[in-house]
Amino acid sequence: MPDLSQHARQLRAVADALEAQSVPGEDPSAPHPDTQKIIDGRHTTRGQINYAVPDDLQFQRRIRRFHADRGTQHGDIVAIALDIYLRANGYPPELKKNKGDVS
């Protein structure tokens, strides 16, 4: 059987680095501040996405219920969920800097 201890150490190092980046008590489902700023913007340009998803997951019903319970718009629910998932997997957006931003 091959010695996988080096791989295990590397995985532990990655897990430790990810844990160090997380803030204790932070809600993992909370939108990223940059994402929230874009969603809250009055003049945010929006585009349509259209993907076939399994009916058994009942996304339309669940999104309608979430909207009714919390008031978050349907498109914003999808945008936040996709952004959280893609950021968590290493795919953050390449946001354009505003002229007044200094960072």
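A quick note: this is a predicted structure, and the numbers were derived from the prediction, not measured.

## Thoughts on the side chain of Thr35
Part 1: Tracing the backbone through its elements, the reader meets Thr35 in helix H2 (residues 33–40).
Part 2: Residue classification places Thr35 among the buried positions, given a relative accessible area of 9%.
Part 3: Polar side-chain contacts of Thr35 include one of 3.4 Å to the side chain of Arg87.
Part 4: Residues within four places of Thr35 in sequence aside, it is in contact with Asp83 and Arg87.

## Section: a nonpolar patch on the surface
Part 1: Taken together, the side chains of Ile49, Tyr51, Val53, Leu57, Phe59, Val78, Leu82, Tyr85, Leu86 and Tyr91 make up a nonpolar region of the molecular surface, amounting to roughly 1,000 Å² of accessible area.
Part 2: By residue number, the principal contributor to the nonpolar patch is helix H4 (residues 74–88), which donates four residues.
Part 3: In this fold, Leu82 is placed in helix H4.

## Quick look at H4
Part 1: When the terminal C-alpha atoms of H4 are compared, their 22 Å separation across 15 residues agrees well with the 21 Å that a helix rising 1.5 Å per residue should span.
Part 2: Within the sequence span of H4, burial applies to Asp76, Ile77, Ile80 and Asp83. The arc that holds the buried residues of H4, viewed along the axis, is 140°, so those residues lie on one side.
Part 3: On its buried face, H4 sits against H2 and helix H3 (59–70).

The rules behind the values
- Within any chain, residue numbers begin from 1 and follow the written order of that chain's sequence.
- Whole-chain, interface and lining totals are the exception, using all residues; otherwise, since this is a predicted model, local features are given only for residues with pLDDT of at least 70 and side-chain atom pairs are given and counted only at 80 or more.
- Only hydrogens and water are set aside when side-chain values are computed; all heavy atoms of the structure are taken into account.
- By definition, any uninterrupted DSSP run of H or I lasting at least four residues is a helix, any uninterrupted run of E lasting at least two residues is a strand, and each is numbered from the N terminus.
- Burial status follows relative accessibility: with a 1.4 Å probe on protein chains alone, a residue under 20% of its type maximum counts as buried, one over 50% as exposed, and anything between as partly exposed.
- Pairs of N or O atoms are called polar contacts if they sit within 3.5 Å, as long as, within protein, a hydrogen donor faces a hydrogen acceptor (for residues adjacent in sequence, only side-chain-to-side-chain pairs).
- The contact rule is simple, with two residues in contact once any of their heavy atoms fall within 4.5 Å.
- Patches here: salt-bridge-free residues with over 30% relative accessible area, like charges joined within 9 Å, nonpolar side chains (Val, Leu, Ile, Met, Phe, Trp, Tyr) joined within 5 Å.
- Only the protein chains shown count as cover for residues, and the accessible areas themselves come from Shrake-Rupley with a 1.4 Å probe.
- In what follows, salt bridge is the name for a side-chain nitrogen of Lys or Arg lying within 4 Å of a carboxyl oxygen of Asp or Glu.
- Multiplying one less than the number of residues by 1.5 Å gives the expected span of a helix.
- In this context, the arc is that of the directions from the helix axis out to the C-beta atoms.

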